[in-house]
Amino acid sequence: MTSDGLKAMLDDIDIEVELTRHWIGKPALNPRVMAAMAKVPRQRFLPPDLAHLAFRNGPVPIGHGQTISQPYIVALMSDLLELEAGDTILEIGTGSGYQAAVLAELVRQVYTVEIVAPLAEAAAARLAELGYRNIEVRQGDGYQGWPEHAPYDGIIVTAAAPHIPQPLIEQLKPGARLVIPVGRAGWNQELQVIEKAADGTLHTRHVLAVAFVPLTGPLADAQ
Ligand code: SAH
């Protein structure tokens, strides 16, 4: 049974997908992705005093100047990864852990890196409490990826990067995709999908304009 709030959230995602169909190149998202969105309890990822906003189709503050992304964007980015059940995925920007949980419903293993230590700790505790056994959270600078578990079937960055981090390209399997918002804070950012072909060449798709908190850390800032 889906609650009325959750049903409204899923309907809002479907509507926004339809409205943006020309940018994203399809009229509806993969039903597996929508089923994962229906399953993960978004209210458990919000600060308790904001839990009533869980099913609004908007970003919500989670402390430390960070936000849990809008449900439409979480669903869209999950869809753009073109996931398969056996995949191993890397996420940069754990935040609340919500996106990681959605991915964990869709693939075999999720690795996720968060630079803000208290957020990494809180997300790891929350995900364990919710029973997720296929997510590993690490505190650190995700610009470097997580080389120990590379290569990945897909990499998702949920903070805006001023440029594409080269280590993430290196940690993609041939045939895999990097889904990443590119641009500076307060400037036009663009959601990009970078596919690494079997021969290693990169193909970039520009999907749509987005607004993310910035990827921080010394490497993202360096040119
Ligand atoms: N995916 C999250 C929302 C992410 S908000 C969710 O589902 O809730 C972006 C997150 O990226 C923030 O928590 C921020 O602290 C983190 N972040 C920013 N720069 C980072 C970096 N260099 N490495 C890892 N995480 C980073």
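Predicted, not measured: the structure shown is a model, and the values here were computed from it.

Visitor: Could you give an account of the site of the ligand, with specific residues and numbers?
Guide: With respect to spatial proximity, 26 residues lie near the ligand, and among them Ser-96, Glu-114, Asp-141, Gly-142 and Thr-216 are the closest. Measuring from an oxygen atom of the ligand, one finds a backbone N or O atom of Gln-99 at 3.0 Å. Measuring from a nitrogen atom of the ligand, one finds a side-chain N or O atom of Asp-141 at 2.8 Å. For the ligand, whose unbound accessible area comes to 580 Å², protein coverage reaches 99%.

Visitor: Residue-level account of the pattern of salt bridges, with values.
Guide: Applying the stated criterion across every chain, the model contains eight salt bridges. Among the salt bridges present, the one from Arg-138 reaches Glu-148, with a minimum N-O distance of 3.6 Å. Taken together, the residues Arg-138 in strand β5 (residues 135-139) and Glu-148 in the loop between β5 and β6 (152-157) connect sequence positions 10 residues apart. Relative accessible area serves as the criterion here: at 58%, Glu-148 is assigned to the exposed category. The partner of Glu-195 in a salt bridge is Arg-177, with the nearest N and O atoms 3.6 Å apart.

Visitor: Just give me the short version of the layout of surface pockets, but keep the residues and values in it.
Guide: The computed volume of the largest pocket comes to approximately 510 Å³. Together, 33 residues line the largest pocket, and Thr-67, Thr-158, Ala-159, Phe-212 and Val-213 are the ones closest to its centre. The greatest single-element share of the lining of the largest pocket, amounting to three residues, is contributed by strand β2 (residues 66-68). In the lining of the largest pocket, the residues fall into 16 nonpolar, 14 polar and three charged.

Visitor: Can you tell me about the packing of helix α1 (residues 4-19) against helix α4 (residues 71-80), naming the residues and giving the values?
Guide: Between α1 and α4, the least distance of the axes is 9 Å, while the angle of their chain directions is 65°. In this structure, α1 crosses over α4, and the sense of that crossing is right-handed. Counting all contacts with α1, which are made through Met-9, Ile-13, Glu-16 and Val-17, the residues of α4 involved are Pro-71, Tyr-72 and Ala-75. Along the lines of polarity and charge, the residues of the contact of α1 with α4 split into six nonpolar, no polar and one charged.

Visitor: Break down α4 for me, citing the residues and quoting the values.
Guide: Within α4, 10 of the 10 residues are buried, leaving the element largely enclosed by the surrounding structure. For α4, the complete set of buried residues consists of Pro-71, Tyr-72, Ile-73, Val-74, Ala-75, Leu-76, Met-77, Ser-78, Asp-79 and Leu-80. Glu-82 sits one or two residues past α4 and shows a positive phi near 50°.

Visitor: Requested: an account of the UniProt feature "active site" (unreviewed entry) in the protein, with residues and values cited.
Guide: As annotated in UniProt, the feature "active site" (unreviewed entry) corresponds to Ser-69 in the numbering used here. Inspection of the secondary structure puts Ser-69 in the loop between β2 and α4. Residue classification places Ser-69 among the buried residues on the basis of a relative accessible area of 18%. Residues in contact with Ser-69, not counting those within four places in the same chain, are Arg-42, Gly-58, Pro-59, Val-74 and Phe-212.

Visitor: Now, about helix α3 (residues 31-39): what can you tell me, with residues and values included?
Guide: Residues separated by three or four positions in an α-helix point in the same direction, a consequence of the helix having 3.6 residues per turn. Listed in full, the buried residues belonging to α3 are Val-33, Met-34, Ala-36 and Met-37. Along the axis of α3, the buried positions cluster into a sector of 155°, meaning they face one direction only. In α3, the exposed residues that point more than 90 degrees away from the buried face are Pro-31 and Lys-39. The inward-facing, buried residues of α3 abut α1, α4 and α5 (98-104).

Conventions used here
Every chain is numbered independently, its residues counted from 1 as its sequence is written. Given that this is a predicted model, residues contribute local features only at a pLDDT of at least 70 and side-chain atom pairs are listed and counted only at 80 or more, while totals for whole chains, interfaces and linings are drawn from all residues. Water and hydrogen atoms play no part in the side-chain values, which are based on all heavy atoms of the structure. Any residue with a heavy atom lying within 4 Å of a molecule or strand is counted as near it. Pairs of N or O atoms within 3.5 Å make up the polar contacts considered here, provided that, within protein, one atom can donate a hydrogen while the other can accept it, and that residues adjacent in sequence are counted only when both atoms are side-chain atoms. To be clear on the numbers: accessible area is Shrake-Rupley with a 1.4 Å probe, and residue cover counts the displayed protein chains and nothing else. The working definition used for a salt bridge is a side-chain nitrogen of Lys or Arg within 4 Å of a carboxyl oxygen of Asp or Glu. Put simply, DSSP H or I for four residues or longer makes a helix, DSSP E for two residues or longer makes a strand, and each gets a number counted from the N terminus. The buried label applies to any residue whose accessible area, calculated with a 1.4 Å probe on protein chains only, is under 20% of its type's maximum; exposed applies above 50%, and partly exposed to all values in between. With a 1 Å grid laid over protein atoms only, a set of points is called a cavity when a 1.4 Å probe fits there but cannot get out and a pocket when it is open yet has protein on both sides within 12 Å along at least five of seven lines; lining residues have an atom within 4 Å of a point. Grid points are joined across faces, edges and corners, and a volume is the space filled by probe spheres set on the points. Under the scheme applied here, ten amino acids are nonpolar (Ala, Val, Leu, Ile, Met, Phe, Trp, Tyr, Cys and Pro), four are charged (Asp, Glu, Lys and Arg), and all others, including Gly, are polar. Axes here mean lines fitted to C-alpha atoms, for a helix over just the part in contact, with angles spanning 0 to 180 degrees between N-to-C directions. Helix crossings are classified by the rotation of the near helix relative to the far one: an anticlockwise turn of less than a right angle makes the crossing left-handed, while a clockwise turn makes it right-handed. Contacts were defined at the residue level, with two residues in contact if any of their heavy atoms lie within 4.5 Å. UniProt positions are given in the numbering used here, feature names are shortened, and annotations may be inferred rather than shown by experiment. Within this analysis, the arc is defined by the directions that extend from the helix axis to the C-beta atoms.

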